[in-house]
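Chain by chain, the residues:
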Amino acid sequence: MFDNLNWWEIGALLLLALLIFGDRLPAVISDGLRMVRNLRRMATNATTDLSRELGTDIQLQDLHPKTFVRKHLLSEEDEAAIRKPLQGVYDNLRADVASVQEELRDVATAVDPASRPASRPTQSTGGSSPAPTPRVSYDDAT
């Protein structure tokens, strides 16, 4: 929570809290901690009630709607049927990313003279380079 604050900023916040609340600061801190404990207890009670009603063991992170539907309402066949159309898109995207990475590596080695072998000339002389492979467009497929 306070990962991006250094010690000076935390000290300034504590000093500001002391100036705002004054003598009531311990009471405000205890009220805040009591509220956090009550919220945790309410969440725990809600999960136990829901677990008892559904007849399964439910954790707090299972209450996220996507996780809840995936874990308790869908069978493995339903989940596989949902993922099947998207798997092809994922595979095509992964292949495209791999080809872009390879092209970027080729460009980087062509630009960086330190990575080039000494026997290779710095500029190509004509049609000796291979033709680039044609790219498949998703607009053509749809």
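Per chain, residue numbering runs from 1 following the sequence as it is written. Local features are withheld for residues below a pLDDT of 70 in this predicted model, meaning they are given only at 70 or higher, and side-chain atom pairs are given and counted only at 80 or more; totals for whole chains, interfaces and linings count all residues. Only hydrogens and water are removed before side-chain values are computed, so all heavy atoms of the structure are retained for them.

What to know about the pattern of salt bridges
Opposite charge on two side chains lets them pair, provided their charged atoms get close.
Part 1 of the reasoning: For salt bridges, the criterion is a side-chain nitrogen of Lys or Arg within 4 Å of an Asp or Glu carboxyl oxygen. Summed over the entire model, instances satisfying the criterion amount to two salt bridges.
Part 2 of the reasoning: A salt bridge links Asp31 to Arg34; the shortest N-O distance between them is 2.9 Å. Taken together, the positions of Asp31 and Arg34, both in helix α2 (residues 25-54) and three residues apart, correspond to about one turn of that helix.
Part 3 of the reasoning: Of the charged contacts in the structure, one is a salt bridge between Arg52 and Asp49, with a shortest N-O distance of 2.8 Å. Placement of the pair is Arg52 and Asp49 together in helix α2, with a separation of three residues, close to one helical turn. For helices the rule is a DSSP run of H or I covering at least 4 residues; for strands it is a run of E covering at least 2, with both sets numbered from the N terminus onward.

Some words on helix α1 (residues 7-21)
Part 1 of the reasoning: The span you would expect from a helix comes to 1.5 Å times its residue count less one. When the terminal C-alpha atoms of α1 are compared, their 21 Å separation across 15 residues agrees well with the 21 Å that a helix rising 1.5 Å per residue should span.
Part 2 of the reasoning: Whenever two N or O atoms come within 3.5 Å, that pair is a polar contact, provided that in protein one can donate a hydrogen and the other can accept it, and provided that, for residues adjacent in sequence, both atoms are side-chain atoms. At the N-terminal boundary of α1, the capping side chain belongs to Asn6, with an oxygen 3.2 Å from the backbone nitrogen of Trp8.
Part 3 of the reasoning: Once α1 finishes, Gly22 follows within two positions and takes phi at roughly 60°, a positive value.

Geometric values such as these leave the question of function open.
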